[in-house]
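Understanding the architecture of this molecule
Listed here are the chains, written in short residue letters.
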Amino acid sequence: MSSHSPLIYHHTNTIRFIHPPNFLPGKTIETVSMATLSNATNIFWQDCQLGKPERQKLLNQKGCVVWITGLSGSGKSTLACSLSSELHSRGKLSYILDGDNLRHGLNKDLGFKAEDRTENIRRTGEVAKLFADAGLICVASLISPYRRDRDTCRAMLPDSNFIEVYMNMPLSLCEARDPKGLYKLARAGKIKGFTGIDDPYEPPLNCEIEIKEDSGVCPTPYVMAGKVVSYLEEKGYLEC
Amino acid sequence: MNLIHLSLITLLHFLLGKNLSDLSTNGNSKNILWHECPIQKLDRQKLLQQKGCVIWITGLSGSGKSTIACALSRSLHSRGKLTYILDGDNIRHGLNRDLGFKAEDRSENIRRIGEVAKLLADAGIICITSLISPYQKDRDACRALLPKGDFIEVFLDVPLAVCEARDPKGLYKLARAGMIKGFTGIDDPYEPPCSSEIVLKQQQQKGSDCMSPNNAAEKVISYLEKNGYLRA
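Computed from a predicted structure; not experimentally measured. (Residues numbered from 1 in each chain as written. Chains lettered and ligands numbered in written order. Predicted model: local features only at pLDDT ≥ 70, side-chain atom pairs only at ≥ 80, totals over all residues. Heavy atoms only, no water.)

In this section: the sheet that holds strand β2 (residues 94-98) of chain A. All names here are of chain A. One open sheet holds the 5 strands; their spatial order is β2-β3-β1-β4-β5, and the pairing between them is parallel. Each of the sheet's edge strands pairs with one partner strand only, and the pair in question is β2 and β5 (209-212). Taking each pair of neighbouring strands and ignoring which way they run, the sheet shows an average axis angle of 20°. Across 5 bridges, the pairing between strand β1 (residues 64-69) and strand β4 (residues 162-168) is parallel. Looking across to β4, one finds that Val65 is bridged to Phe162. (Pairing = 2+ DSSP bridges. Helix = DSSP H or I, 4+ residues; strand = E, 2+ residues; numbered from the N terminus. Axes fitted to C-alpha atoms, helices over the stretch in contact; angles between N-to-C directions.)

This part is about the side chain of Ser61 of chain B. Residue and element names in this part refer to chain B. Structurally, the position occupied by Ser61 is in the loop between β3 (53-58) and α3 (65-78). Ser61 sits in the buried class, given a relative accessible area of 7%. In contact with Ser61, other than residues within four places in its own chain, are Ile132, Cys163, Lys169, Tyr172 and Phe183. (Buried < 20%, exposed > 50% of the residue type's maximum accessible area, 1.4 Å probe, protein only. Contact = heavy atoms within 4.5 Å.)

A few words now on the packing of aromatic side chains. Evaluation of the coordinates by the stated rule reveals 7 aromatic pairs over all chains. Judged by centre distance (5.1 Å) and plane angle (5°), the rings of Tyr95 of chain A and Phe131 of chain A are stacked. Remark: Phe131 of chain A occurs in helix α4 (residues 114-133) and Tyr95 of chain A occurs in strand β2; sequence separation between them is 36 residues. We note that Tyr95 of chain A, like Phe131 of chain A, is buried. Lying across the ring of Phe101 of chain B, Arg92 of chain B places its NZ or CZ 3.9 Å from the centre. (Phe/Tyr/Trp six-rings, centres within 6.5 Å; stacked < 30°, edge-to-face > 60°. Lys NZ or Arg CZ within 6 Å of the ring centre and 35° of its normal.)

This paragraph deals with the pairing of β1 of chain A. Residue and element names in this part refer to chain A. Judged by how many residues are buried, β1 sits mostly within the fold: 6 of 6 residues are covered. In this structure, β1 lies alongside strand β3 (residues 137-141), joined through 5 bridges in parallel fashion. Along β3, the bridge assignment pairs Val65 with Cys138.

As a further point, take the pairing of β5 of chain A. Residues and elements named next belong to chain A. Alternating residues of β5 divide into Ile209 and Ile211, all buried, and Glu210 and Lys212, none buried. Across 4 bridges, β4 lies against β5 in parallel orientation. Bridge assignment links Asn168 to a residue of β5, and that residue is Lys212.

Written as structure tokens, this is what we have:
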């Protein structure tokens, strides 16, 4: 690597390591075509001196991802909103990545078949990672029914900065709420592959926080948010 | 969906008291509801004492996009402003690792980065994007995602000869040798912007100094200050 270059050359198994001939004489260079390979080659990691620690210091908090998972109607978006309010009242910067909202923009090309759900979650995980790197408390709110996909997102974040919140509400409660009228449509066979009805929800095995009914009563949004905020405080995310 | 299905669903929605417009169909997703939240962009901007926007740096490979993005980021940070860089190369390691360089992949690369930049700006962040983004149509599509004024295009107008002489990644050498096909500036077009908010021009004359990254950054910061982005 040239001493005057700030760039770091990154080697992966899909990228052919390319040295300009005058740096490493004798190194063979394979013919590559940027237009025909399915994965990108000639990609170099761009390093910048300003990083996550500096941004966290500016914000006086630590970036992380709060990943809220659960059935449709379990209260994910409601918790995301109340959590965001609570954090804001404490002077903390958060941002919500809502599954439905993302499907209006970044993920508008995706449907609900299994591979599209996986890609939806993968992209959301990658974006959440960027937000956490920016120093924000990123609140992701998606059904994210498959364990493997959630675990993939967890693996994207280092240092345990992935906080999984499981909205453990019974199907009957979610269906009784039916805030978008989807359970009714699913039961009538108008929607196929609806999570909880004819598509599985795989509950987390090791989530950081579980929200469930207390003696058959669902906690209020304020109480639920409080539980998450306490966790964040305890783990040091609300200070730098 | 046939007429019978449509009628049944309309009836169901009527019985449920639901407005059909509550649930939308976007592209391939049906039954998507837009969720509103009490904390909005204005609240976040007040917290950060800045306005979210996207600074879209475009130019040939080797024109200095990443270098200027870094200088700009550091300079804004020293003023207590929160920024985040979306570098084309870095994003291709993560979100866009499934994409290559054929025309449709370039378009999709830029589309996704535009959407993420929009989210970051909505979060109140001054988002700096640094990617070749050679096609006018794709840059315009990203501009259209943001409220008027919040997309600030910065064109690094550096002659090909200067970029090629720098060749920081050795790619021009490979492209000239025919080792890389479809390389922007050599055998793939770069469509310069017609009306960028900021143009950073590098003269071709021998001996003339390149605008330093810090000077370039200050030019962008003046624009941001003048247009109110460095306060809530």
